[in-house]
Amino acid sequence: IVPNRVRCIAEIGMGLTGFGVFFLFFGMILFFDKALLAIGNVLFVAGLAFVIGLERTYRFFFQKHKMKATGFFLGGVLGVLVGWPLIGMIFEVYGFFLLFRGFFPVVVGFIRRIPILGSILNLPGIRSVSNYALSSTLLKPPH
């Protein structure tokens, strides 16, 4: 595939993922609106597939040590789509935490370099909590 085409597909994926997160957040603010949460879930998963590709998305979700996390995440998505938004989002957030816990140290490190957000994360109480959470074994992915 031509490199410009790959970049365009990845940019579309980032847009889809961003809109997915926006709809999920907006759906939670509006007291777990089923339609907004369903749209957000579909856009988020589709955007992830566009950004990293279908095969890598499949390999990411269906690794042997991530099956529990994938079950909770996709079960939560299914719960939202069926019409149980609160239960679905609880399962989905737990599955998301299990799936993406290896990325949290990278995200916190990135946020610490952003001028305003970084100074908030470096406040004394928040800094100790974020340092503890990042060094905790809860965030370390299993081998």
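Residues numbered from 1 in each chain as written. Predicted model: local features only at pLDDT ≥ 70, side-chain atom pairs only at ≥ 80, totals over all residues. Heavy atoms only, no water.

Going by what an unreviewed UniProt entry lists, the protein chain is known as Golgi transport 1B and is assigned to Jaculus jaculus. As recorded by UniProt, the Sequence similarities (unreviewed entry) comment attached to the protein chain reads in full: "Belongs to the GOT1 family." On record in UniProt, under Function (unreviewed entry), the comment for the protein chain is "May be involved in fusion of ER-derived transport vesicles with the Golgi complex." (UniProt positions renumbered as here; feature names shortened; annotations may be inferred.)

**A look at the packing of aromatic side chains**
According to the stated counting rule, one finds 14 aromatic pairs in the structure shown. Between the aromatic rings of F60 and F103, the centroid separation amounts to 6.3 Å while the plane-to-plane angle is 40°, which identifies the pairing as tilted. Of the two residues, F60 is situated in helix α3 (residues 54–61) and F103 in the loop between α5 (85–100) and α6 (104–113); the sequence distance between them amounts to 43 residues. Judged by its relative accessible area of 12%, F60 is buried. (Phe/Tyr/Trp six-rings, centres within 6.5 Å; stacked < 30°, edge-to-face > 60°. Helix = DSSP H or I, 4+ residues; strand = E, 2+ residues; numbered from the N terminus. Buried < 20%, exposed > 50% of the residue type's maximum accessible area, 1.4 Å probe, protein only.)

**Some points on the layout of surface pockets**
Roughly 750 Å³ of volume is contained in the largest pocket. Lining the largest pocket are 22 residues, and of these T17, V21, F44, F96 and F100 sit closest to its centre. Where the lining of the largest pocket is concerned, the elements lending two or more residues are α1 (3–29), α2 (34–52), α5 and α6. If one sorts the elements of the lining of the largest pocket by residue count, α1 sits on top with seven residues. Partitioning the lining of the largest pocket into residue classes produces 19 nonpolar, two polar and one charged. (1 Å grid on protein atoms, 1.4 Å probe; cavity = no way out; pocket = protein on both sides within 12 Å on 5 of 7 lines; lining within 4 Å. Points joined across faces, edges and corners; volume = space filled by probe spheres on them. Nonpolar A, V, L, I, M, F, W, Y, C, P; charged D, E, K, R; others polar.)

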